Every structure is written in C-alpha cells, then in structure tokens.
Amino acid sequence: MREVIQCLIDWLDSETSDEKGHRILRALAHESLKKADFDESKRRFTAEEIVAAVGDSIGSADPKKWIDWPGFLKKYCETREGQIIEFARKRGLTHYPKPERKSTNGGPGKLTTFYIKAERVPEIIEDEQAIDGPQIAISNAADLKANYQMTELGEVKPSWIASWLFRDGQIKLRQWHVWCLLGWLATIGGLAVLIAYAGWLSLSEPRSVTTRDLTLLVSIFVIPYGAWVTIIKPWILLFDDRIVLAHELFIKIHEQSAQFELLRDGDLRVVRLVRYSAACPICGATVYLEKGEPDYRRRLVGRCYESPREHVFSFDRITRCGRLLVDR
C-alpha cells in the first residue's frame, strides 16, 4: 500500500498545480502515507482533517462544502484517473491509487471520510476502451453546464487597503452615500480635465519645444485616461452591469479572482466582495470568473483553471448557471 500511495504523491509532483483539487489530493496522500502500514479503516480522514492538512484558511466555509465530493472532487479525480493508471503502469505496479469517499447515514460518531483505495491496474485493452469514454463525453460538452456557487460573506479576504471598507465582506450605501460617491467621481474627473486643460494652455504659447513640454504633452492624455480607467469606469460598470471583477489591489495576493457585486433594496445599495466558482463539467477543475475579452466583450465568463481558453462558460448571476461557449 505504501508504494501505491507514493505513486499518487509522485504523480502529483509530476503534475505541479495549485488547483484546489490538486491540493486536496496531495493532503490526502501525505496523511495516508503516514498510516500506510495500518489497516484501511485507520487510513480514513474527515473533511476537517483534510482541510487542516491542506493548511489553507477557508474562512467560515464548511469543510465538507469546500471539498464538495459529489459536485467537484469526484469529477476531478475521475478525469485524471487515466493519467494515474498510466503512471502506475509505467512503474510496474499492479495496483493504482484511487481516492474514495465512505459515506454514512449520520448519527453520533458516524462521519463521512475519505481514503485512498488500491485498485487493480486494468489490462491494456480495457484501458484503451476507457480512454475513449472521456473523448465521447467531451464531444457532447455543449450540453454540459457549470453550476456556480458564491462564497460566504467575509470568506474572500480584502487587502489591507480595502480591509476598512469590507469589514464584513460588504459595504452598505444609502442614497446620500451614492450621491457623495458620484460627486467624488465627478470631482476627480473634473480635476483631471482641468489639469489637462492647464497643460494645453501652457503648450499653446509659441516657443521652442523642450523635454518638459513633451512630458506635459503626454500628461495631458495620461492623467485623464488614468483617472477614467482606474477610478471612474469601474464604478460606472458596477452600477450598469451589477457585477465586475475586483481589482487585484483590493484582495489579498494569495486569493483567486473575486468580484464586486451590487445589490439594490430601495434606497439601499450593497456592494459585496464575493467569488463565484464552479466545478468544470469537462475536466473537474475549478471554474473562476474572468473577463470575456477579446471574444466576449463586456462579459464575465467562467474560465477553467486548468484550461482557461478551451473550457469557457457563460455566467448568469441570477440563475448561477452557465453553458459551454463554443467558438464558431
């Protein structure tokens, strides 16, 4: 059993990734290796134990929901099973490692656990037939859908710059807050235009061109454009589209892409810092929201972490579903 578990660890090392499914399998494999000489019943681990072994802070999220065996991890393992089988076969092993879940009916002391099972390596002919299965499934991938889930409030950690704004994962804006915000944006835009206009007036005087004049000429265009792109435009898009990508400056560096989402309730406006993600129905990796450009302008699309250009899905924040987007 030790060789089988080590086979999984070595395969994970050969396929380096920081994808969530990859980290879960690595934690399960290392914890299993510590008890490789014990019976299988002693090599089972709860979701809480695996999350603790992963070493990541998942905030207030439920470890069982974070691992999500039926909706995420099972698919992730199944789509990579063929690679693990081939890796074990090249090592001359008769068995390969297969992650499994042992569910229970509940009750005191009865917990769902995860473990690594030693499965016999199939014959070459059977393996070739098994390889044809995923190809058939992928050919019908246009019918597959991504089911998005939203993080709990406060689970996405803001950077120190925005931590004072998103203390509980959201900002509540009354109508007067919105007017103050619009006035602040108008002031920034007006100042940028005034600076550009003042620079244009100074350059309108007839004299020889100097390096200072060239710098001033560049600033006439750069300052208004920078104010528009970095400050004004994101707010306008948020009020128009209800959801936009959060800039990297507003979230911690280790966080995956997150979004600002606007909700309306009468005079109240709530801006939430959230993250929508889904399990890729094709390969089982995680689908994160990213910009749709250049193919899908002004749209947020779900891009698979492992195949961001091929496994692309639409996103509907109301139904929280997405269909595969196929280029024609």
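These numbers were taken from a predicted model, which means no experiment stands behind them.

**Student:** Could you clarify how one ought to interpret the confidence of the model for the chain in this entry?
**Tutor:** Do not read the fine detail of predicted coordinates wherever pLDDT is low. Across the chain, the average pLDDT comes to 79, with 75% of residues at or above 70. When pLDDT is averaged over each element of the chain, strand 13 (residues 312-313) comes out on top at 93 and helix 6 (residues 124-139) at the bottom at 49. Here residues 126-137 is modelled with pLDDT under 50, and outside its nearest four sequence neighbours on either side it reaches three contacts, counting other chains as well.

**Student:** Teacher, can you tell me more about the sheet that holds strand 12 (residues 300-304) here?
**Tutor:** With antiparallel pairing, five strands are arranged side by side in an open sheet as 5-10-11-12-13. Each edge of the open sheet is held by one strand with a lone partner, namely strand 5 (149-150) and strand 13. Pairing of strand 10 (residues 276-279) with strand 11 (residues 286-291) involves three bridges; the strand directions are antiparallel. Considered in strand 11, the bridge of Ala-279 is made with Thr-286.

**Student:** What's the story with helix 2 (residues 20-34) in this structure? I'm lost.
**Tutor:** Side chains three or four residues apart in an α-helix point the same way, a direct result of the helix having 3.6 residues per turn. Taking 1.5 Å as the rise per residue, helix 2 with 15 residues should run 21 Å; its terminal C-alpha atoms sit 22 Å apart, in good agreement. For helix 2, the complete set of buried residues consists of Lys-20, Gly-21, His-22, Ile-24, Leu-25, Ala-27, Leu-28, Ala-29, Ser-32 and Leu-33.

**Student:** Teacher, can you tell me more about the packing of helix 2 against helix 5 (residues 69-90) here?
**Tutor:** Two elements in contact, helix 2 and helix 5, have axes whose closest approach is 10 Å; the angle formed by their N-to-C orientations is 80°. One element, helix 2, and the other, helix 5, form an angle in the roughly perpendicular class. Residues Lys-20, Gly-21, His-22, Ile-24 and Leu-25 of helix 2 lie in contact with helix 5, whose contacting residues are Phe-72, Leu-73, Tyr-76 and Cys-77.

Cut-offs applied
- Residues numbered from 1 in each chain as written.
- Predicted model: local features only at pLDDT ≥ 70, side-chain atom pairs only at ≥ 80, totals over all residues.
- Heavy atoms only, no water.
- pLDDT = per-residue confidence, 0-100.
- Helix = DSSP H or I, 4+ residues; strand = E, 2+ residues; numbered from the N terminus.
- Contact = heavy atoms within 4.5 Å.
- Pairing = 2+ DSSP bridges.
- Expected span 1.5 Å × (residues − 1).
- Buried < 20%, exposed > 50% of the residue type's maximum accessible area, 1.4 Å probe, protein only.
- Axes fitted to C-alpha atoms, helices over the stretch in contact; angles between N-to-C directions.
- Parallel < 35°, antiparallel > 145°, perpendicular 65-115°, else oblique.

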